[in-house]
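Topology and contacts: notes
In case you want the letters, here they are:
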Amino acid sequence: MCGFFASNDPRIQLNSLNVINERLSFRGPDSQSGLVSHGDWKLYHSRLSIIAPREEFSQPFFSSDGNVLVFNGEILNFRELLEEYSLKQTDSDTEALNELLNIEGFDLNELEGFYAFLRINSSGVLTHCARDRFGVKPLFIYSRDGYFTAASEASVISDLFALPYNDESLEEFRVFRAPVFKGSYFEEVASVEPGTCAVNGIFFDPLAYFKQGYIAGSDVNKCVEKAISDSIKSRLIADVPVGLLFSGGIDSNLLNAVSTVKLQKFTGGFSGDYDLQVARSMNEETGDNTILVEVSDEKFRERFFEMTKLRKEPLSVPNEVILSFLAEKWAEDGGKVLISGEAADEFFAGYDRIFGWAAKADVFDVETFLEFYCYVPVSEIPERVVTEVELFFKPVEYLGPFEMVRYFFVKKHLPILFRRLDFALMFSGIEGREPLASMDMFQLALKCSPDDLFLGPLGKLPLRLLAKEKISEDFAFAQKVGFPVDLGRVFRGTPAADRHENYSIWCEENLGAI
């Protein structure tokens with residue numbers, strides 16, 4: 001996990017370095033490159049060393065033939081790809097990626113991992129500016145007068161070019177808690193779509209994998225454990241310690257149960273929170289060693305304002321603040337990577353209410369979708385936003401209600417989820433990895449029909465059946481427990497009257513903070 005900046009805009013000069021450092025150095029606490037020139041380009045990289053943590057693989061990475069690469073993330077199958085293409089083996093996925101990109105017509109879809117990278121050839125021509133399939137890593141771009149700028153954080157582009165907040169993005173924040181359709185919070189700054197290279201176009205389209213046909217639920221169930229096990233093994237590739245974000249939910253418990261490597265677990269929250277109570281009980285009853293991090297209202301407030309100041313954007317959910325404390329604790333103990341259970345709900349229909357409605361619906365209805373998905377009443381959603389949602393769904397009506405909703409969660413919701421995790425952990429110098437967001441898990445999930453994903457009102461049936469086998473039936477089929485935070489108490493000293501006031505307080509505090 002790292003942060004990078006690249007621009008051929010003449011406005012970027014050596015005196016831009018202070019701004020770049022202020023916005024990006026937190027993403028790479030191990031080293032910062034300074035501003036490096038390559039033809040008309042100015043490049044910067046801050047490094048969190050995880051694979052081959054040696055100085056020779058620091059970035060910007062210059063190859064012997066004069067190409068230069070800045071890269072955030074990990075290529076997990078780099079050794080296999082080097083062997084497949086008869087290239088020299090290396091310990092560094094950065095060096096490997098640079099060599100693979102030399103292959104004419106190399107398909108980025110062959111890369112297994114999570115990444116954002118930019119590559120410039122020896123002549124100063126931008127050849128790649130790409131983001132991974134599901135948008136695990138952020139990548140923002142800005143163009144002006146024929147010049148091009150890219151960065152791991154939109155805030156640094158906003159600062160350097162004096163770009164204001166986009167009112168429509170802030171409008172989407174109030175509705176969705178994120179700029180779902182605008183991509184970034186700033187005027188003229190775009191987010192590179194997942195599975196896309198800004199130079200060469202789309203290399204992965206999740207829609208192509210929908211409607212390829214379901215298989216029997218029993219056949220899916222036979223494959224789930226191996227798919228999770230293989231994904232975990234790949235996400236453990238690192239030359240530094242790896243830990244686990246642990247909660248009382250199915251996803252992190254399955255990762256813990258299936259992993260063949262015992263991982264240090266971390267759980268956090270406010271005093272009395274469900275996750276803390278569950279982890280504390282497990283520690284006492286079984287001798288487990290989960291590290292518990294209890295956060296006070298005062299510490300939460302302080303960290304919230306630190307995070308919004310650094311990010312220059314609203315936070316999506318209060319749990320981002322809690323995650324930063326868990327990452328901080330792991331960093332203090334020498335860790336650099338935490339794995340988590342993101343993508344299970346999106347792939348396997350874990351949001352019971354909205355997926356349950358879609359599974360039973362004969363016809364897709366935008367208003368009903370908005371009632372389930374949005375955080376404000378439908379009557380308060382601006383007409384422009386409703387139109388954006390309608391335009392998103394119109395071309396995929398042939399999928400039917402259930403797969404339309406699943407496609408939305410893969411295409412639009414997952415990148416928001418990953419952005420939350422990415423910033424929350426990187427704030428404290430930790431990389432997040434999501435084993436359940438592998439290509440194998442995605443393809444397996446799409447083979448599941450709605451009937452094979454639900455048992456009564458409960459979704460994620462294949463994962464629940466595995467949890468029944470690995471943990472217990474009572475645990476596997478328990479109702480989902482949410483993560484309510486009384487934001488009235490935290491920010492105002494008085495409990496919020498209801499969930500609507502709670503959400504209003506969250507929006508007000510975020511927008512006031514930025």
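Predicted model, so just to flag it, every value in this text is computed and none were measured.

Cut-offs and rules
Residues numbered from 1 in each chain as written. Predicted model: local features only at pLDDT ≥ 70, side-chain atom pairs only at ≥ 80, totals over all residues. Heavy atoms only, no water. Helix = DSSP H or I, 4+ residues; strand = E, 2+ residues; numbered from the N terminus. Rg over C-alpha atoms; globule rule 2.2 N^0.38 Å. Areas by Shrake-Rupley, 256 points an atom, 1.4 Å probe, with all protein chains shown as cover. Lys, Arg positive; Asp, Glu negative; His and termini not counted. Charge placed at Lys NZ, Arg CZ, Asp CG, Glu CD. Polar contact = N/O pair within 3.5 Å; in protein donor to acceptor, adjacent residues only side chain to side chain. Contact = heavy atoms within 4.5 Å. Expected span 1.5 Å × (residues − 1). Bend = angle between axes of the 7 residues up to and from the residue. Buried < 20%, exposed > 50% of the residue type's maximum accessible area, 1.4 Å probe, protein only. Pairing = 2+ DSSP bridges. Axes fitted to C-alpha atoms, helices over the stretch in contact; angles between N-to-C directions. Phe/Tyr/Trp six-rings, centres within 6.5 Å; stacked < 30°, edge-to-face > 60°. Lys NZ or Arg CZ within 6 Å of the ring centre and 35° of its normal. Core = buried A, V, L, I, M, F, W, Y, C linked by side-chain atoms within 4.5 Å. Disulfide = S-S within 2.5 Å.

Another point: the overall build of the protein chain. Tallying secondary structure elements over the protein chain gives 21 helices and 18 strands in all. For 514 residues, the compact-globule estimate of 2.2 N^0.38 gives 24 Å, and the protein chain sits close to it at 22 Å. Dimensions along the principal axes, computed over C-alpha positions, put the protein chain at roughly 60 × 50 × 50 Å. Split by element, the accessible area of the protein chain, about 20,400 Å² in all, is 47% carbon and sulfur. Side-chain charges of the protein chain comprise 51 positive and 79 negative groups, with the mean position of each set lying 1 Å from the other.

Another aspect to go through is the side chain of serine 152. Examined against the element boundaries, serine 152 turns out to sit in the loop between strand 10 (147–151) and helix 4 (154–161). Engagement of the side chain of serine 152 in a polar contact is seen with the backbone nitrogen of phenylalanine 4, the distance being 2.9 Å. Once residues lying within four places of it in the same chain are set aside, the contact partners of serine 152 are Cys2, Gly3, Phe4, Leu24, Arg27, Asn72, Pro138, Phe140 and Arg419.

Over its 26 residues, helix 15 (residues 401–426) runs 36 Å from end to end, which matches the ideal 38 Å to within 8%, given 1.5 Å per residue. In the structure, helix 15 departs most strongly from a straight axis at histidine 413, where the bend amounts to approximately 45° and where the proline proline 415 lies between one and four residues downstream. Of all the 26 residues making up helix 15, 26 are buried; the element is thus mostly covered by neighbouring parts of the structure.

Glancing now at unusual backbone geometry. Even without glycine at this site, lysine 211 takes up a positive phi of about 65°. Among the secondary structure elements, lysine 211 is positioned in the loop between strand 13 (201–202) and helix 6 (217–235). With a relative accessible area of 55%, lysine 211 lands in the exposed category. Although it is not a glycine, lysine 312 adopts a positive phi angle of roughly 60°. Of note, lysine 312 is situated in the loop between helix 9 (297–311) and helix 10 (319–332). Lysine 312 gets classed as buried once you look at its relative accessible area, which sits at 18%.

The subject of this paragraph is the sheet that holds strand 14 (residues 242–245). Strand pairing in a sheet takes place through backbone hydrogen bonds and is either antiparallel or parallel in direction. Strand order in this open sheet of five strands is 16-15-14-17-18, and the pairing throughout is parallel. Whereas interior strands pair on both sides, the edge strands pair on one side only; in this sheet they are strand 16 (291–294) and strand 18 (431–433). Along the sheet, successive strands turn relative to each other by an average axial angle of 30°, direction set aside. The pairing of strand 15 (residues 264–269) with strand 16 spans four bridges and is parallel. Within strand 16, the position partnered with glycine 268 by the bridge is valine 293. The sheet contacts of helix 10 involve strand 14, strand 15, strand 16 and strand 17 (337–339), and relative to strand 15 the element is tilted by about 145°.

For the structure on display, the rule yields 44 aromatic pairs. Relative to tyrosine 503, the ring of tyrosine 375 lies with its centre 5.4 Å away and its plane at 25°, an arrangement referred to as stacked. Of this pair, tyrosine 375 sits in the loop between helix 13 (366–373) and helix 14 (383–393) while tyrosine 503 sits in helix 21 (residues 499–513), and the two are 128 residues apart along the sequence. The ring of tyrosine 375 is capped by arginine 177, whose NZ or CZ atom sits 3.6 Å from the centre of that ring.

Moving on, we get to the nonpolar core. Residues Leu108, Leu111, Phe117, Ile228, Phe300, Phe347 and Phe369 are the most contacted members of the largest nonpolar core, which totals 155 residues. At 16 residues, helix 15 tops the list of elements feeding residues into this core. Not counting residues up to four positions away in its chain, the partners in contact with leucine 111 are Ile75, Asn77, Leu81, Leu97, Leu100, Phe106, Phe117 and Arg133. Ala6, Leu43, Val68 and Ile141 belong to the second largest nonpolar core, which has 16 residues in total.

This brings us to the side chain of glutamate 172. Secondary-structure assignment places glutamate 172 in helix 5 (residues 167–176). For glutamate 172, a relative accessible area of 0% gives the class buried. A polar contact of 3.2 Å, which involves the side chain of glutamate 172, links it to the backbone nitrogen of lysine 182. Leaving out residues up to four positions away in the same chain, glutamate 172 has contacts with Arg177, Ala178, Pro179, Val180, Phe181, Lys182, Arg384 and Val385.

Next up on the list: the state of the cysteines. Applying the stated criterion to the full structure yields zero disulfides. Lacking any disulfide linkage, cysteine 2 is separated from the closest cysteine sulfur, that of cysteine 129, by 16 Å. Of the cysteine sulfurs around cysteine 507, a residue in no disulfide, the closest is that of cysteine 374, at 12 Å. Note on cysteine 507: relative accessible area 9%, which makes it buried.

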